[in-house]
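# Residue-level structural notes
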Amino acid sequence: MKTLVVGNWKMNKTVAAATAFVHELLALQPDLSAAEAVVCPPFTALPAVAYACAGSEISVGAQTMHWAPHGAYTGEVSAPMLVSLGVQWVILGHSERRAFAAESDESINRKVVAALAAGLVPIVAVGETAEEHAAGLASERVCAQTRAAFAGVSAFDVATCVVAYEPIWAIGTGKIDSPEGANATMGAIRGAVEGLTYARILYGGSVKPDNIAALVAQPNIDGALVGGASLEAASFAAILHNARKGALA
Ligand code: PGA
């Protein structure tokens, strides 16, 4: 399976800036022979980005969604609405949403189930705090989040999902877990839920063009969820290029 690189733009880019990014990225002709590219713009830019990416090998994801298909949930967006735009992926349970939008393990599980039912690929984000990491509790914490996210989901469906391991202390800080340390924690995640042996597991948190190759060289690291370094087309293209398994060799 190809390495997967997902750009999480968070609350960045107007429609014009998002469209310009796609045109710039396509003009750079990124190497997609061994790495698959997904961009996740804010909701407002999703239609324009989906249109700009149509017919290319770049696919589009959302940064969150509601678990209900429709209803009285002011300000929310549902899975069928995303599907109607051509969106194929959705990040669920990002630590910023767990922190700022009070997303619980239970609501994330409902979202995973709803995303799968609508035909979206969930990218389930899990991660430990600096304190948990220092206390040696990283694996325990992220395995518990992973088991909760996939509760009641069949192993067959789990295998089609993506998990993003993002240590909270590594997000936007310039610090990364050591490739070996991340690999060990991600191995634990793989073993936490039946079906994850076959799923792609991404590393996230301060991934850049110059550290991606060492990360994906690890057996349990199938790609990356990238925030800051996904905002410039040249840097995103460089990550895609360096994300080939064996790029270090
Ligand atoms: P970062 O963000 O690459 O800017 O650290 C990653 C993320 O939050 O997904």
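Just above, that's the structure.
Notes on the structure in this doc start here.

Cut-offs applied
- Residues numbered from 1 in each chain as written.
- Predicted model: local features only at pLDDT ≥ 70, side-chain atom pairs only at ≥ 80, totals over all residues.
- Heavy atoms only, no water.
- Near = heavy atom within 4 Å.
- Polar contact = N/O pair within 3.5 Å; in protein donor to acceptor, adjacent residues only side chain to side chain.
- Nonpolar A, V, L, I, M, F, W, Y, C, P; charged D, E, K, R; others polar.
- Helix = DSSP H or I, 4+ residues; strand = E, 2+ residues; numbered from the N terminus.
- Expected span 1.5 Å × (residues − 1).
- Buried < 20%, exposed > 50% of the residue type's maximum accessible area, 1.4 Å probe, protein only.
- Arc of directions from axis to C-beta.
- Phe/Tyr/Trp six-rings, centres within 6.5 Å; stacked < 30°, edge-to-face > 60°.
- Salt bridge = Lys/Arg side-chain N within 4 Å of Asp/Glu carboxyl O.
- Contact = heavy atoms within 4.5 Å.
- Axes fitted to C-alpha atoms, helices over the stretch in contact; angles between N-to-C directions.
- Parallel < 35°, antiparallel > 145°, perpendicular 65-115°, else oblique.
- Left-handed = near helix turned anticlockwise from the far one by under 90°.

### Remarks on the site of the ligand
- Among the 13 residues in the neighbourhood of the ligand, the closest are listed as K10, H94, E166, G172 and S206.
- The separation between an oxygen atom of the ligand and a polar side-chain atom of H94 is 2.7 Å.
- E166 places a side-chain nitrogen or oxygen 2.6 Å from an oxygen atom of the ligand.
- Among the residues making up the shell around the ligand, the classes are represented as 4 nonpolar, 7 polar and 2 charged.

### Observations regarding helix 1 (residues 15–27)
- With 13 residues, helix 1 ought to run about 18 Å at 1.5 Å a step, and its terminal C-alpha atoms sit 18 Å apart, in line with that.
- Those residues of helix 1 lying buried are A18, T19, F21, V22 and L25. Viewed along the axis of helix 1, the buried residues span an arc of 150 degrees, placing them on a single side of the element. The outward face of helix 1, more than 90 degrees from its buried face, is lined by the exposed residues A16 and A27.

### Topic: the packing of aromatic side chains
- The final tally for this structure, using the stated rule, is 4 aromatic pairs.
- On the basis of an interplanar angle of 70 degrees and a centroid distance of 6.1 Å, the ring pair of Y165 and Y203 is categorised as edge-to-face. One end of the pair, Y165, is in strand 6 (residues 162–165); the other, Y203, is in strand 7 (residues 200–204), and 38 residues separate them in sequence.
- Three or more aromatic residues link up through ring pairs in this structure, and these residues are W9, F21 and F236.

### Observations concerning the pattern of salt bridges
- Per the counting criterion, the structure on display carries 7 salt bridges.
- D105 is paired through a salt bridge with R98; the nearest N and O atoms lie 2.9 Å apart.
- Overall, the relative accessible area of 28% leaves D105 in the partly exposed class.
- R141 is the salt-bridge partner of E132, the closest N and O atoms lying 3.2 Å from each other.
- Accessibility expressed as a relative area gives 29% for R141, which makes it partly exposed.
- Taken together, the shared-partner salt bridges in this structure form one network comprising R97, E103 and K111.

### Section: the environment of A164
- Mapped onto the fold, A164 is located in strand 6.
- A relative accessible area of 0% means that A164 is categorised as buried.
- Measuring from C-alpha to C-alpha, the distance between A164 and R200 comes to 8.6 Å, with 36 residues separating the pair along the chain.
- In this view, A164 contacts I123, V124, A125, V126, L202 and L225; residues no more than four positions away in its chain are not counted.

### A word on the side chain of Q218
- The topology assignment puts Q218 in the loop between helix 10 (212–216) and strand 8 (223–226).
- On the accessibility criterion, Q218 (15% relative accessible area) is buried.
- Aside from chain neighbours lying at most four places away, what touches Q218 is P179, E180, N183 and K245.

### Details of the packing of helix 1 against helix 11 (residues 233–242)
- Running from N to C, helix 1 and helix 11 cross one another at 45 degrees; their axes reach a closest spacing of 9 Å. Between helix 1 and helix 11, the crossing angle belongs to the class labelled oblique. Crossing hand, helix 1 versus helix 11: right-handed. Only A233, F236 and A237 of helix 11 make contact with helix 1, whose side of the interface consists of F21, E24 and L25.
- Partitioning the contact of helix 1 with helix 11 into residue classes produces 5 nonpolar, no polar and 1 charged.

Scope: geometric values only; no functional claims are made or implied.
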